[in-house]
Amino acid sequence: MSEQNLPSDEELEDETEISDYGTGDSSEEEEDEDYDEEDDDDDSDSDSSIDTATRKRNRKVLFNLLGTKYDVIKHVGKRFGWKITRDDEADWDVCWVDCAVLPERLARMKNYQKINHFPGMYAVARKDFLGRNLGRMRKQFPDQYKFYPRTWLLPTEFSDFRTQFNKKKAKTFIVKPEASCQGRGIFLTRSCDSIPITEHCVAQRYIHKPYLIDDLKFDLRLYVLVAGCDPLRLFIHEDGLARFATEEYCPPLNSNLNDVCMHLTNYAINKNNERFVFNEDEDDDDTGHKRSLQSVWRHLEDEGEDVDKLKEEINQIIIKTMICIQPSLAHTYKSCQPNDPTNSMCFEVLGFDILLDHKLKPWLIEINHTPSFATDTPLDY
């Protein structure tokens, strides 16, 4: 599998490094350009025989950023030479939004337009739907779907979940709201009595023996481009992030279950800890509490681990996860655009969060369909 960056106007095959995302002139002098400022001065006087498609080939790609808050997306567009607009009524070519795209919006799009979400991607992006879909696949293919911690959807499966507490050995579970992000509302428990019986949430077996670096728990953020749904086209970027907890790890006990900076690796939580160390140099990518994915691979290689084997296992996790929703993605897409043969009007950058246990087995923790593109450290560019 290979890396791939944002799609161009004609295809989704232009490759570039994630490090390019933060480049570009951020000067205040460069104002956003609206669609009504055409580059081709002759368009208004063109002969009526020149159709819309011809006119569009003669002007810059129009990049609609009305729905995003991330400046780095604007910089990428300018680096490509695209014209920026925040007019949703303009005849844009590419649109980037920070929220889900409804089928109705895709159905209204013209065949040359592209948008950065697939309708229906919530089927893996929401924790409850991810658990439900992977649970179904595990029942059909138990040997192939062992990469996701055992999960209960509450309150629907509360009766079965309660039986996990009947044995003498204490088990630890991590409980998450079914549709939250950035670590909000997550807690660890060893008692089902701490969970309101009507609470809509997801409970998972806690991986209590994670692989540690510098005595810290961490997870991996991999960026995956979904470039088409029928056939399914996936590209995995060669780099990503490693997010570290800020307190030295100890196995879960009743006395430390509330220590979120030990048990949770969410950047949004740990960056507020006084012990958090920000990376200040992209070339020094193996220090601090947010590091590069490549620095983890180098560390594992130095420890004599088979990194190529681990990468392939992670690739298989990504493929098998996306396979389970491919039919529904394709059905929704074709329902909205039945006459589109290109399979390219939607694309999506997903953030896959992977945790390594003490045996270096990769576990899928969750998937983000709107991963943060904030640029707090040099590694984010």
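Whatever comes next refers back to the structure up there.
The text that follows walks through the structure, step by step, so that each part is easy to find. This structure is a prediction, so every number in the text was calculated from the model and none was measured.

Secondary structure assignment for the chain yields eleven helices and 14 strands. Intrachain contacts of the chain at a sequence separation of at least 6 include 65% that bridge at least 24 residues. As displayed, the chain has an accessible area near 18900 Å², and 45% of this comes from carbon and sulfur atoms.

Let us look at the sheet that holds strand 3 (residues 94-97). Here we have four strands laid out as an open sheet, ordered 2-1-3-4, and parallel in their pairing. The strands lining the two open edges of the sheet, one partner per strand, are strand 2 (83-85) and strand 4 (114-115). The pairing of strand 3 with strand 4 spans two bridges and is classified as parallel. In the sheet register, C95 faces strand 4, and the bridge partner there is I115. Contacts between helix 2 (residues 71-79) and the sheet are confined to strand 1 (62-67), strand 2 and strand 3, with strand 1 contributing the most and set at about 175 degrees to the helix.

Below, the discussion takes up the pairing of strand 13 (residues 348-356). Most of strand 13 sits inside the fold, with nine of its nine residues counted as buried. Neither face of strand 13 is exposed, since E348, L350, F352, I354 and L356 on one face and V349, G351, D353 and L355 on the opposite face are all buried. In the sheet, strand 10 (residues 216-229) pairs with strand 13 via seven bridges, with the strands oriented antiparallel. In the strand pairing of strand 13, V226 is matched with E348. When strand 13 meets strand 14 (residues 362-368), the two strands line up antiparallel, connected through six bridges. Within strand 14, the position partnered with L356 by the bridge is P362. The hairpin turn running from strand 13 into strand 14, its antiparallel successor, is five residues long, and L360 in that turn takes a positive phi close to 65 degrees.

Next up on the list: the pairing of strand 1. As paired elements, strand 1 and strand 2 share three bridges and run parallel to each other. For L62, the partnering residue across the bridge sits in strand 2 and is K83. Handedness of the crossover is the feature at issue here: the chain leaves strand 1, passes through helix 2, returns alongside strand 2, and the resulting connection is right-handed. Pairing geometry for strand 1 and strand 3, over three bridges, is parallel. By the bridge assignment for strand 3, G67 is matched with V97.

Let us look at unusual backbone geometry. A cis amide bond links L154 to the next residue, P155, at an omega of 10 degrees. Residue P231 is bonded to the preceding D230 through a cis peptide linkage, with omega at 10 degrees. With respect to the helices, strands and loops of the structure, P231 is situated in the loop between strand 10 and strand 11 (232-244). The backbone of N343 sits at a positive phi, close to 55 degrees, despite the residue not being glycine. Relative to the helices and strands, N343 is located in the loop between helix 11 (326-336) and strand 13. Residue classification places N343 among the buried residues on the basis of a relative accessible area of 10%.

Thresholds, definitions, all that
- Residues numbered from 1 in each chain as written.
- Predicted model: local features only at pLDDT ≥ 70, side-chain atom pairs only at ≥ 80, totals over all residues.
- Heavy atoms only, no water.
- Helix = DSSP H or I, 4+ residues; strand = E, 2+ residues; numbered from the N terminus.
- Contact = heavy atoms within 4.5 Å.
- Areas by Shrake-Rupley, 256 points an atom, 1.4 Å probe, with all protein chains shown as cover.
- Pairing = 2+ DSSP bridges.
- Axes fitted to C-alpha atoms, helices over the stretch in contact; angles between N-to-C directions.
- Buried < 20%, exposed > 50% of the residue type's maximum accessible area, 1.4 Å probe, protein only.
- Right-handed = clockwise from strand over helix to strand, strands pointing away.

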